[in-house]
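# Coordinates in review
Below, each chain spelled out in residue letters.
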Amino acid sequence: MAQSAAPATAAPAITPISLKAIAPWAVFVGVVMLVLLYFVGAEQGATSLISGEGVHEWVHDGRHLLGFPCH
């Protein structure tokens, strides 16, 4: 009873991910983060791209959580 029922297999080789594969995703995530930072941090008053209070109300609690003053 010293034999194993499952055959021994080699661990799969880990292949590194190239910078060319990561770069487009890194740029996309960076742009999305900058857009979110704009809407949370600056979308009101003179720099407002969208009129009204809708965006402000959606991100109001997030502004306070991140330390942005809004009123």
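Residues numbered from 1 in each chain as written. Predicted model: local features only at pLDDT ≥ 70, side-chain atom pairs only at ≥ 80, totals over all residues. Heavy atoms only, no water.

All right, on to the overall build of the chain then. For the chain, the count of helices and strands is two helices and zero strands. For the chain, with 71 residues in total, the buried portion stands at 11%. In the chain, of all internal contacts separated by at least 6 residues, the share reaching a separation of at least 24 is 22%. For the chain, the exposed surface amounts to about 6300 Å²; the carbon and sulfur share of it is 72%. (Helix = DSSP H or I, 4+ residues; strand = E, 2+ residues; numbered from the N terminus. Buried < 20%, exposed > 50% of the residue type's maximum accessible area, 1.4 Å probe, protein only. Contact = heavy atoms within 4.5 Å. Areas by Shrake-Rupley, 256 points an atom, 1.4 Å probe, with all protein chains shown as cover.)

The geometry of helix α1 (residues 19–41) relative to helix α2 (residues 54–66) is characterised by a closest axis approach of 8 Å and an angle of 95° between their N-to-C directions. Taken together, the axes of α1 and α2 lie roughly perpendicular to each other. Of α2, the residues touching α1 (which contributes F39, V40 and G41) are V55, V59, G62, R63 and L66. Its residues assigned to classes, the contact of α1 with α2 comprises five nonpolar, two polar and one charged. (Axes fitted to C-alpha atoms, helices over the stretch in contact; angles between N-to-C directions. Parallel < 35°, antiparallel > 145°, perpendicular 65-115°, else oblique. Nonpolar A, V, L, I, M, F, W, Y, C, P; charged D, E, K, R; others polar.)

A word on the side chain of H60. Here H60 shows up in helix α2. H60 sits in the buried class, given a relative accessible area of 18%. Reaching out from H60, the side chain makes a polar contact with the side chain of H64 at a distance of 3.1 Å. Apart from residues lying up to four places away in sequence, H60 is in contact with C70 and H71. (Polar contact = N/O pair within 3.5 Å; in protein donor to acceptor, adjacent residues only side chain to side chain.)

All we've got here are geometric facts, nothing functional implied.
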